[in-house]
Amino acid sequence: MMRRVAVMAALLVSICLSPNAQAQPQQVVNVFNWNDYIDPYMVQRFVRETGIRVRYDIYDSLETLEGRMSAGRTGYDIVVPTSEPTFSRLARAGAFRPLDRSLIPNLANIDPALQQQVASADPENRFGALYLYGTIGLGINVDRVRALAPDAPMDSLRLLLDPANARRLRACGIVMMDSAADVIPMVLRYLGKDPNSTAPEDLRDVERTLMTIRPFIRAFSSGGVIEALAGGQFCMAFAYSGDVIQAAARAEEANRGVTIQYVAPKEGAQLWFDLLAIPADAPNPEAAHAFINFLLQPDVMANITNHVRYPNGVPASRPLVAAEVANDPSVFPTDEMRARFFTIGAVPQAAERARNRVWARFKAGR
Amino acid sequence: MKGRLGRALVLALPWSWMALFFVVPFVIVLTIAFAEPSEGLPPYTPLWRWTEEGGPIIQLNLANFRLFLEDPFYLEAGLRSLRVAAVSATLCLLVGYPMALAIARAPERWRTLLLMLVILPFWTSFLLRITAWIGILQDQGWLNGALLALGVIQEPLQLLYTDIALYLGVTYCYLPFMVLPLYATLSKLDPALLEAAEDLGARPSRAFLQVTLPLSMPGVVAGFLLVFIPAVGEFVIPELLGGPDAQLVGRVLWMEFFQNRDWPLASALAVVLLLLLVAPIAIFQARAAREAA
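The structure displayed is predicted, hence computed values, not measured ones. (Residues numbered from 1 in each chain as written. Chains lettered and ligands numbered in written order. Predicted model: local features only at pLDDT ≥ 70, side-chain atom pairs only at ≥ 80, totals over all residues. Heavy atoms only, no water.)

S.K.: Help me understand the overall build of chain B in this model?
M.R.: Across its full length, chain B holds 13 helices and 2 strands. Here the C-alpha atoms of chain B give a radius of gyration of 24 Å, more than 25% beyond the 19 Å that 2.2 N^0.38 yields for 293 residues. Projected onto its principal axes, the C-alpha coordinates of chain B cover approximately 85 × 75 × 35 Å. For chain B, the residues scored as buried account for 36% of the 293 residues in total. For chain B, restricting intrachain contacts to residue pairs at least 6 apart in sequence, the fraction spanning at least 24 positions comes to 70%. For chain B, the accessible area works out to roughly 17,400 Å², and carbon and sulfur atoms hold 71% of it. In chain B, 18 positive and 21 negative side-chain charges are present, and the distance between their average locations comes to 13 Å. (Helix = DSSP H or I, 4+ residues; strand = E, 2+ residues; numbered from the N terminus. Rg over C-alpha atoms; globule rule 2.2 N^0.38 Å. Buried < 20%, exposed > 50% of the residue type's maximum accessible area, 1.4 Å probe, protein only. Contact = heavy atoms within 4.5 Å. Areas by Shrake-Rupley, 256 points an atom, 1.4 Å probe, with all protein chains shown as cover. Lys, Arg positive; Asp, Glu negative; His and termini not counted. Charge placed at Lys NZ, Arg CZ, Asp CG, Glu CD.)

See the structure below:
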């Protein structure tokens, strides 16, 4: 929370610092991004270099973003949806403006292989520029988990989904990401099924599995678990990779004996991609293109990755990333880990309702 | 003649206000409630189309309303919301009645100040006040800290994300809505009535039960409704303070709207909720009008 305040303060300062404030009618770019998902100094640098003012808003769930985008006239120039299911659905609905490649020469910096991978959600990469990507897995307070469950596997989803383990970790606190769309595919994968399955019997198995660990879950979180994990409030989280790694970095800084580790489970972890996109009715598309082009510079991307601990899609940034981040396999996964990642797709609305119903019952615990 | 025009002008303002900020939004929600979800912007089908001859075709989809009857999920959420609202309104009454009575019987010069103190929390953002309660109630919060320091408990109590926190939050937030109408009725009571009761030999408790309480019933009912009605649809407080099992109707509405992206179903739910809540107000109004006549 404090850090978010600091980010906002930094951004306000940056707005005031903008050089030609009175010179010409000033351009503005309205950015709507995930919480804790940029290096605030890079925003300041953008303002300094381009003279374009930045209005920066944050969201903590794709639902918030999609709800507002569906209503239209958001007033935002930049949004950062996840490729599946949100980006693909909004793209099909006509919510985005095609990127003008001539205004974003730095699109050439993006790894073609990764571009290829997001093309299933964004055919020909027409609407989206890859920003950051990552996985979803377990954030573990190493010492406390070892102390309470010494024989439990530290690299497996069994640590969370086997009630024998979850029961022992109840005392130190388990927090679950409040997202049916992310947790249910993970459980399907754990059960050896297709993560995108919508078969009612598979969903029933998921519900049964989740219900066995429900009594041991202390909280459901949206908006991240960085502070709570770093502060030792919880000892295990199912969360976004970068959030856990940020928590680990913060715990180390605080030096209060908390060691946090990110685990991409050996059963497989969901791989996701966040894309920079411009809403169809963006008021300042030109400034939006300039913002995307600015972000895609290798040194800017390196700073962002250093700050948020998510890998980016610009390979030339890699040598500029701090060594301890660049060499951390939980940030930049090895090829062997990559082979076990899976991606999710959009499911039909009826299936989605069934999933959310399972989720509601799971949260309610009945 | 002139008087009638003036009255029409005076009445036009509240009526146009109602039309603009209640009727128009309600009609929009109502039309969405009869539509079908679709993948597009906005994510539902239009209610009417034009035929080639230029005539309109209106398609009303009633499936949403039927679902509420068939699927117990919605009914359960509704009943749970009613329970939370009723308990909270009762708690507000139990806390608010003595407060209102004390203010009404306080010396004249103190009353304005005391009323100000009741309204004072409104000067801070509602969200900030709820967030402050998180700080008080969480495991490492002030309340647990104080209890631990006093040695009352050895382990922090889980208060946040429980029903206790939920009721506390709702009661705290809506208390002024109970106190103000109660104060309005109680301050108008003729003290001579209590003196008469005393002269006739009634003890204070009996005078309260037989004189003050019955005469303050309009304030009790008004306060109860003012707390009960918004509490039924309350979303923020259960979301921030309540446990994950607090599946109230506001949460269900949010889920249909954002997670399932089913705007028509969410709208239908909103319409049903509104109609269910309008009924008790209408009855209360009708009774009040009859009594006044």
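Next, the rest of the story.
S.K.: Got a minute to help me understand the UniProt feature "domain: ABC transmembrane type-1" (unreviewed entry) in chain B in this structure?
M.R.: Feature annotation in UniProt assigns "domain: ABC transmembrane type-1" (unreviewed entry) to the following positions: residues 78–284 of chain B. This span, residues 78–284 of chain B, is 77% helix and 0% strand, and a straight line between its end C-alpha atoms measures 21 Å. (UniProt positions renumbered as here; feature names shortened; annotations may be inferred.)

S.K.: Explain the pattern of salt bridges to me, please; I cannot follow it from the model alone.
M.R.: A side chain with one charge can pair with a side chain of the opposite charge if their charged atoms come near. In this structure the tally under the stated criterion is 22 salt bridges over all chains. Between Glu-227 of chain A and Arg-250 of chain A there is a salt bridge, with the nearest N and O atoms lying 2.5 Å from each other. Placement of the pair is Glu-227 of chain A in helix α11 (residues 226–230) and Arg-250 of chain A in helix α12 (residues 241–254), with a sequence separation of 23 residues. Several salt bridges share partner residues, and in doing so they unite Glu-66, Arg-89 and Glu-352 of chain A together with Arg-261 of chain B into one network. (Salt bridge = Lys/Arg side-chain N within 4 Å of Asp/Glu carboxyl O.)

S.K.: Help me understand the sheet that holds strand β3 (residues 78–79) of chain A, please; the structure alone is not making it clear to me.
M.R.: Consider a sheet: its strands pair through backbone hydrogen bonds, and that pairing is either parallel or antiparallel. Residues and elements named next belong to chain A. With parallel pairing, 3 strands are arranged side by side in an open sheet as β2-β1-β3. Each edge of the open sheet is held by one strand with a lone partner, namely β2 (53–59) and β3. Where strand β1 (residues 28–34) meets β2, 7 bridges bridge the pair, whose relative direction is parallel. When the bridges of β2 are listed, Trp-34 appears paired with Tyr-59. Lying on the sheet, helix α3 (residues 62–71) is in contact with β1, β2 and β3; it crosses β1 at an angle near 140°. (Pairing = 2+ DSSP bridges. Axes fitted to C-alpha atoms, helices over the stretch in contact; angles between N-to-C directions.)

S.K.: Looking at this model, I keep getting lost on a nonpolar patch on the surface. Mind explaining?
M.R.: Residue and element names in this part refer to chain B. Together, Trp-110, Leu-113, Met-116, Leu-117, Ile-119, Leu-120, Phe-122, Trp-123, Phe-177, Leu-180 and Leu-226 make up an exposed nonpolar region whose accessible area comes to about 1,000 Å². Those elements giving two or more residues to the nonpolar patch turn out to be α4 (108–119) and α7 (163–186). Per-element accounting of the nonpolar patch gives the leading share, 5 residues, to α4. Examined against the element boundaries, Ile-119 turns out to sit in helix α4. (Patch = residues over 30% accessible without salt bridge, like charges linked within 9 Å, V, L, I, M, F, W, Y side chains within 5 Å.)

S.K.: Explanation requested: the UniProt feature "transmembrane region" (unreviewed entry) in chain B in the structure shown.
M.R.: All names here are of chain B. UniProt tags residues 12–35, 82–101, 113–136, 164–186, 207–232 and 263–284 as "transmembrane region" (unreviewed entry). Taken as a whole, residues 113–136 contains 75% helix and 0% strand, while its terminal C-alpha atoms sit 27 Å from one another. Along residues 207–232, the helical share is 96% and the strand share 0%, with 34 Å between the first and last C-alpha atoms.

S.K.: Hey, could you run me through the packing of aromatic side chains in this one?
M.R.: What describes a pair of aromatic rings is the distance from one ring centre to the other and the angle between the planes of the rings. Residue and element names in this part refer to chain A. Counted by the stated rule, this structure contains 32 aromatic pairs over all chains. With a centroid separation of 5.4 Å and an interplanar angle of 75°, the aromatic rings of Tyr-37 and Tyr-310 are classed as edge-to-face. Of this pair, Tyr-37 sits in the loop between β1 and α2 (40–50) while Tyr-310 sits in the loop between α14 (298–308) and α15 (323–326); the two residues are 273 residues apart in sequence, bridging distant segments of the chain. Neither residue differs from the other here; Tyr-37 and Tyr-310 are each classed as buried. (Phe/Tyr/Trp six-rings, centres within 6.5 Å; stacked < 30°, edge-to-face > 60°.)

S.K.: How should I be thinking about the environment of Leu-160 of chain B in this particular structure?
M.R.: Residue and element names in this part refer to chain B. Along the chain, Leu-160 falls in the loop between α6 (142–149) and α7. For Leu-160, a relative accessible area of 3% corresponds to the buried category. When the C-alpha positions of Leu-160 and Pro-218 are compared, they lie 35 Å apart, and in sequence the two are 58 residues distant.

S.K.: Quick question: what am I supposed to make of the environment of Asn-61 of chain B here?
M.R.: All names here are of chain B. Its place among the elements puts Asn-61 in the loop between β2 (56–58) and α2 (63–70). Relative accessible area serves as the criterion here: at 15%, Asn-61 is assigned to the buried category. For Asn-61 and Pro-264, which are 203 residues apart along the polypeptide, the C-alpha to C-alpha distance reads 9.2 Å. When neighbours within four sequence positions are excluded, Asn-61 is seen to be in contact with Ala-33, Phe-34, Ala-35 and Glu-36.

S.K.: Looking at this structure, how should I read unusual backbone geometry?
M.R.: Backbone phi values are negative for most residues with the exception of glycine, while trans is the configuration of most peptide bonds. The omega torsion across Glu-84 of chain A and Pro-85 of chain A is 0°, close enough to zero to call that bond cis. Relative to the elements of secondary structure, Pro-85 of chain A occurs in helix α4 (residues 83–92). Although it is not a glycine, Tyr-161 of chain B adopts a positive phi angle of roughly 65°. In this fold, Tyr-161 of chain B is placed in the loop between α6 and α7. Note on Tyr-161 of chain B: relative accessible area 33%, which makes it partly exposed.

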